[in-house]
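Chain by chain, the residues run as shown.
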Amino acid sequence: MGAADVGVVLKVLEQVQLSDQEIALLQGVLANLVLPGHCLRLIEEAAGNRSCPACGGKRCHRCGQANGLQRYRCVACRRSFNALTGTPLARLRLRDRWLPYLQCLIDSVTVRKAATRVAVAKSTSFRWRHRFIAAVRQEPRPLLSGIVEADETYHLESQKGSRNLDRPPRKRGGKARRRGISAELDCILVARDRNRQTCDFVTGRGPVTAEQLARHLLPVLAVDVLLVSDAANTYKAFALQAGITHEAVNVRAGIRTRGAIHIQGVNGWHGRFKTWLRRFNGVASRYLANYTGWQRVLDAARLTAPAHWLQSAVAANR
Ligand SMILES: [Zn+2]
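The rules behind the values
- Residues numbered from 1 in each chain as written.
- Predicted model: local features only at pLDDT ≥ 70, side-chain atom pairs only at ≥ 80, totals over all residues.
- Heavy atoms only, no water.
- Pairing = 2+ DSSP bridges.
- Helix = DSSP H or I, 4+ residues; strand = E, 2+ residues; numbered from the N terminus.
- Donors = N, O, S within 2.8 Å, 3.2 Å for Na, K, Ca; no water.
- Tetrahedral: all angles 85-135°; square planar, octahedral: opposite > 155°, others 65-115°.
- Buried < 20%, exposed > 50% of the residue type's maximum accessible area, 1.4 Å probe, protein only.
- Patch = residues over 30% accessible without salt bridge, like charges linked within 9 Å, V, L, I, M, F, W, Y side chains within 5 Å.
- Areas by Shrake-Rupley, 256 points an atom, 1.4 Å probe, with all protein chains shown as cover.
- Salt bridge = Lys/Arg side-chain N within 4 Å of Asp/Glu carboxyl O.
- Axes fitted to C-alpha atoms, helices over the stretch in contact; angles between N-to-C directions.
- Parallel < 35°, antiparallel > 145°, perpendicular 65-115°, else oblique.
- Contact = heavy atoms within 4.5 Å.
- Nonpolar A, V, L, I, M, F, W, Y, C, P; charged D, E, K, R; others polar.

### A few points about the pairing of strand S2 (residues 69–74)
Part 1 of the argument: Here strand S1 (residues 60–66) runs beside S2; their pairing, made up of five bridges, is antiparallel. For Gln65, the partnering residue across the bridge sits in S2 and is Gln70.
Part 2 of the argument: Between S1 and S2, which pair antiparallel one after the other, the connecting turn spans two residues, and Asn67 there sits at a positive phi close to 50°.
Part 3 of the argument: Bridging between S2 and strand S3 (residues 80–81) involves two bridges; their strand directions are antiparallel. When the sheet's bridge partners are listed, Tyr72 is paired in S3 with Phe81.
Part 4 of the argument: If you look at the hairpin formed by S2 and S3, you'll find five residues sitting between the two strands, and Arg78 has a positive phi there, around 70°.

### Some details on the environment of Arg112
Part 1 of the argument: Looking at the secondary structure, you find Arg112 in helix H5 (residues 111–118).
Part 2 of the argument: In this structure, the C-alpha to C-alpha distance between Arg112 and Phe126, residues 14 residues apart in sequence, is 8.4 Å.

### Let's talk about the coordination of the zinc ion
Part 1 of the argument: All of the protein donors around the zinc ion are Cys52 (SG), Cys55 (SG), Cys74 (SG) and Cys77 (SG); their distances to the metal are 2.3 to 2.4 Å.
Part 2 of the argument: If you look at the zinc ion, its four donor atoms make angles of 103 to 119° with each other, and the shape they trace is tetrahedral.
Part 3 of the argument: Read N to C, the donor residues that coordinate the zinc ion are spaced as C-x2-C-x18-C-x2-C.
Part 4 of the argument: Exposure remark for Cys52: the relative accessible area of 3% places this residue in the buried category.

### So, a nonpolar patch on the surface
Part 1 of the argument: A cluster of nonpolar residues, Met1, Val6, Val8, Val9, Leu10, Val12, Leu13, Val16, Leu18, Ile23 and Leu26, forms a patch on the protein surface that exposes about 900 Å² of accessible area.
Part 2 of the argument: Turning to its location among the elements, Leu18 is positioned in the loop between helix H1 (3–15) and helix H2 (20–34).
Part 3 of the argument: Judged by relative accessible area, which is 33%, Leu18 ranks as partly exposed.

### Observations concerning the packing of helix H4 (residues 98–106) against helix H6 (residues 122–137)
Part 1 of the argument: With their axes 11 Å apart at the nearest point, H4 and H6 run at an angle of 80° to one another. Of the possible angle classes, the one that applies to H4 and H6 is roughly perpendicular. For the pair formed by H4 and H6, the contact residues are Trp98, Tyr101, Leu102 and Leu105 on the first element and Ser125, Trp128, Arg129, Phe132 and Ile133 on the second.
Part 2 of the argument: Classifying every residue of the contact of H4 with H6 by side-chain character gives seven nonpolar, one polar and one charged.

### With respect to the sheet that holds strand S4 (residues 147–156)
Part 1 of the argument: Strand order in the open sheet formed by five strands is S6-S5-S4-S7-S8, with mixed pairing between adjacent strands. Of all the strands in the sheet, the pair left with one neighbour each is strand S6 (198–205) and strand S8 (245–249). Neighbour-to-neighbour, the strand axes of this sheet turn through a mean angle of 25°, independent of strand direction.
Part 2 of the argument: Each of S4, strand S5 (185–193) and S6 is contacted by helix H9 (residues 264–277), which is oriented at about 30° to S4, the strand it contacts most.
Part 3 of the argument: Packed onto the sheet, helix H10 (residues 288–299) meets S4, S5 and S6 and runs at close to 165° relative to S6.

Here it is as structure tokens:
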């Protein structure tokens, strides 16, 4: 590009009103031009000395490169692998656009807008969204301690994108046919401690059961927690069986707090999730856990830069 062409680009940039998000995106694109191998370096760094994804063998040697990534061969099983083998990111192409794409996830933009922003097909944008979220969702869950609030919220079951519905289609989308918590609703269980560490679980259709509470909550609760929930019997039964100290607030009777006994932390999370989810105009049940996982990452403001997200995604699957 000659000096005159650069002049044209600069003039255009001066004339258009760029939003903060668009400026951040441009910075990402420029950084990639300055450091073309940046994304690959971040991937190799995060993978560190990973062991063989097939057999877990620690001993391996280098055997050339493919698509910019170092290949290794396992001494024990002779299979070869790279930093991404066996992760949700394996075999995704166009790696030079990954970092700008991750900025789209951080900005919660729609599939279509993200596709335009980073110049990929809409189908690629959709696939990348779910792969990058699935990758960070596999990070180990935190151990919740102290006072832990637990409550569930419900999301109308949706078969968006499915060719074969297993029920008659709903007219105008949005309403369950029956009142109350029926099998038409997907249950999202959230537990959160007062240090704002949060665990979310999609437990399936219909009301949460004591057995599901045990399966999901027991692994993430420290031994000496105080569990706070609403007055639903399920929580009482679960806590009794698991030997966990439990307090309930009778939210239905209009009692929202008793001193430190409340579930406002978890209900706040639910509220932010539902508000945030609206921009996507309905999400399919089979992807719901990806959306709660995405919200978890954003809500905790943990991965605030594309490089953080990429490295967590690789490291979580080591
Ligand atoms: Zn091996």
